[in-house]
Amino acid sequence: AAPALVKDTDANAVALGYKTDGSKTDVKKYPKYAASQNCANCALYQAKAGDAAGACPLFAGKQVAPKAWCSAWAKKA
Ligand code: SF4
């Protein structure tokens, strides 16, 4: 079975400002957030085409949602 999805309430998710629905990001706390940014277009996201979710090295053992966002978002090179 695929690993569980990260929950917004997980301790490391809270620490990184991770939201499963990136549009719910607290923009006062994370002013660098832009609506165009999400896990699916983050340099750290690891998924094959068609996967419903992907791995992220910051959330070992769980999966992150393509439409999620966290404060470690980085533009793909
Ligand atoms: Fe998503 Fe990137 Fe944050 Fe990982 S680092 S949770 S892929 S935005």
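Cut-off values and rules
The numbering scheme is per chain: residues are counted from 1 as the chain's sequence reads. With pLDDT at 70 or above as the cut-off, local features in this predicted model cover only qualifying residues; side-chain atom pairs require 80 or more to be listed or tallied, and sums for whole chains, interfaces and linings still use all residues. Processing note: side-chain calculations cover all non-hydrogen atoms of the structure and skip hydrogens and water entirely. Helix numbers and strand numbers start at the N terminus; a helix is a DSSP run of H or I with at least 4 residues, a strand a run of E with at least 2. Radius of gyration: over C-alpha atoms. The globule rule applied is 2.2 Å multiplied by the number of residues raised to the 0.38 power. Accessible area is worked out with a 1.4 Å probe on protein chains only. A residue is then buried under 20% of its type maximum, exposed over 50%, and partly exposed in between. Two residues form a contact once any of their heavy atoms are found within 4.5 Å. In these tables, accessible area is a Shrake-Rupley quantity obtained with a 1.4 Å probe, and a residue counts as shielded only by the protein chains included in the view. Charged-residue counts in this description rest on Lys and Arg as positive and Asp and Glu as negative, His and the chain ends being excluded. In plain terms, the charge of a residue is placed at NZ if it is Lys, CZ if Arg, CG if Asp and CD if Glu. Residues enter a nonpolar core if they are buried and are Ala, Val, Leu, Ile, Met, Phe, Trp, Tyr or Cys, with the set joined through side-chain atoms within 4.5 Å.

Engineer: Would you take a moment to explain the overall build of the protein for this structure?
Structural biologist: Helix and strand content of the protein: one helix and zero strands. Computed over C-alpha atoms, the radius of gyration of the protein comes to 11 Å, within 12% of the 11 Å expected from 2.2 N^0.38 for 77 residues, which places it in the range of a compact globule. Across its three principal directions, the C-alpha atoms of the protein cover 35 × 30 × 15 Å. Taking all 77 residues of the protein together, the buried fraction comes to 32%. Counted over contacts in the protein with a minimum sequence separation of 6, partners at least 24 positions apart contribute 62%. Of the roughly 4,800 Å² of accessible surface on the protein, 60% is carried by carbon and sulfur atoms. If you average the places of the 11 positive and of the 5 negative side-chain charges in the protein, the two averages end up 4 Å apart.

Engineer: Help me understand the nonpolar core in this model?
Structural biologist: What tends to happen in soluble globular proteins is that the nonpolar side chains get buried as a cluster. Grouped together as the largest cluster of nonpolar side chains are 11 residues: Val6, Ala13, Tyr18, Cys39, Tyr45, Cys56, Phe59, Val64, Ala65, Ala68 and Cys70. Residues in contact with Cys56, not counting those within four places in the same chain, are Leu44 and Val64. If you look at the next biggest cluster of nonpolar residues, it comprises five residues, including Tyr30, Tyr33, Trp69 and Trp73.

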